[in-house]
Amino acid sequence: MSEPGRTELDRIRVMSVDDHEMVRRGMRFLFQAFDDIEVVGTASSGEEALRLCGELQPDVILMDMVMPGLDGPDVTQAIRQRYPQVQILALTSFFEEDLVRRAMQAGAIGYLLKGASIDQLAEGIRAAHAGQPTLAVEAMQALVHSVQAQSGVGQDLSGREREVLALLAEGLSNAEIAERLVISVPTVKSHVRNIFAKLGVASRAEAASLAVKHNLIPT
């Protein structure tokens with residue numbers, strides 16, 4: 001695990017961010033076994049991590065994803081915007097699709113689970129420092145499923161529902177849509193309810209935005 005001959009300047013500077021004290025203590029203790037990795041500090045919250053980042057100047061941050069206040073994806077995005085040279089490795093017990101997607105969109109270079117071995121964490125840190133992504137199998141599966149789900153958005157809309165959606169996106173009211181398509185207002189309302197359900201949205205604005213994003217209507 002150790003690499004003889006390493007100097008302090010050669011070591012990868014790591015900061016651990018987690019709201020559980022035992023996790024933070026564990027990181028400090030476990031990485032003492034590695035000559036090329038040094039835990040230079042810990043933070044118990046996203047706010048503290050953001051404050052300490054400039055002071056400690058870590059190379060890699062092990063970032064918990066679920067914390068009170070600023071959660072992992074939010075603080076990841078903030079740190080990456082302020083300190084783009086810092087790589088962030090998500091480290092969490094959760095791998096829900098939305099959380100994985102948010103973490104990666106925020107700028108995390110990798111996503112590992114807390115059940116990973118210390119050697120796996122060390123390899124993840126080295127990879128992150130080298131600018132190489134590292135994803136737990138579960139996180140990779142979640143991302144793939146998320147992409148597949150998004151690629152199928154709106155595919156179950158009927159031809160009439162697409163017509164209604166297109167007019168809805170133009171800003172027409174139910175009455176105006178009914179007049180344009182020569183159907184009744186209750187029928188339009190029924191189509192709008194079906195559209196909302198199939199797209200998983202709660203408003204006309206969301207439906208219109210999703211329609212444009214996924215090319216569900218002619219432009």
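In case you missed it, the structure is sitting above this.
Fair warning: this is a prediction, and the values are worked out from it, not measured in the lab.

Helix α3 (residues 72-82) packs onto helix α2 (residues 46-56) with a crossing angle of 15° between their chain directions and a minimal axis gap of 10 Å. The angle between α2 and α3 falls in the class roughly parallel. Relative to α3, α2 is oriented so that their crossing is right-handed. Between α2 and α3, the contacting residues are Gly46, Ala49, Leu50 and Cys53 on the first element and Val75, Ala78, Ile79 and Arg82 on the second. The class makeup of the residues in the contact of α2 with α3 is six nonpolar, one polar and one charged.

All right, on to the nonpolar core then. Core analysis: the biggest nonpolar cluster contains 43 residues, and Phe31, Ile61, Met63, Ile79 and Ile125 have the highest contact counts within it. For this core, the element with the highest residue contribution is α2, accounting for five residues. Ignoring sequence-local partners within four residues, the contact set of Ile61 consists of Met15, Val17, Cys53, Ile79, Val86, Gln87, Ile88 and Leu89. Formed by 23 residues, the second largest nonpolar core is a distinct cluster that contains Ala166, Leu168, Leu181 and Ala211.

Relative placement of two packed helices is described by the angle separating their axes and the distance separating the axes. Interhelical geometry of helix α7 (residues 159-169) versus helix α10 (residues 204-213) gives an angle of 110° and a closest axis separation of 9 Å. Taken together, the axes of α7 and α10 are roughly perpendicular relative to one another. Along its contact with α7, which presents Leu165, Leu168 and Ala169, the element α10 presents Arg204, Ala207, Ala208 and Ala211. Residue composition of the contact of α7 with α10, by class: six nonpolar, no polar and one charged.

What counts and how
- Residues numbered from 1 in each chain as written.
- Predicted model: local features only at pLDDT ≥ 70, side-chain atom pairs only at ≥ 80, totals over all residues.
- Heavy atoms only, no water.
- Axes fitted to C-alpha atoms, helices over the stretch in contact; angles between N-to-C directions.
- Helix = DSSP H or I, 4+ residues; strand = E, 2+ residues; numbered from the N terminus.
- Parallel < 35°, antiparallel > 145°, perpendicular 65-115°, else oblique.
- Left-handed = near helix turned anticlockwise from the far one by under 90°.
- Contact = heavy atoms within 4.5 Å.
- Nonpolar A, V, L, I, M, F, W, Y, C, P; charged D, E, K, R; others polar.
- Core = buried A, V, L, I, M, F, W, Y, C linked by side-chain atoms within 4.5 Å.
- Buried < 20%, exposed > 50% of the residue type's maximum accessible area, 1.4 Å probe, protein only.

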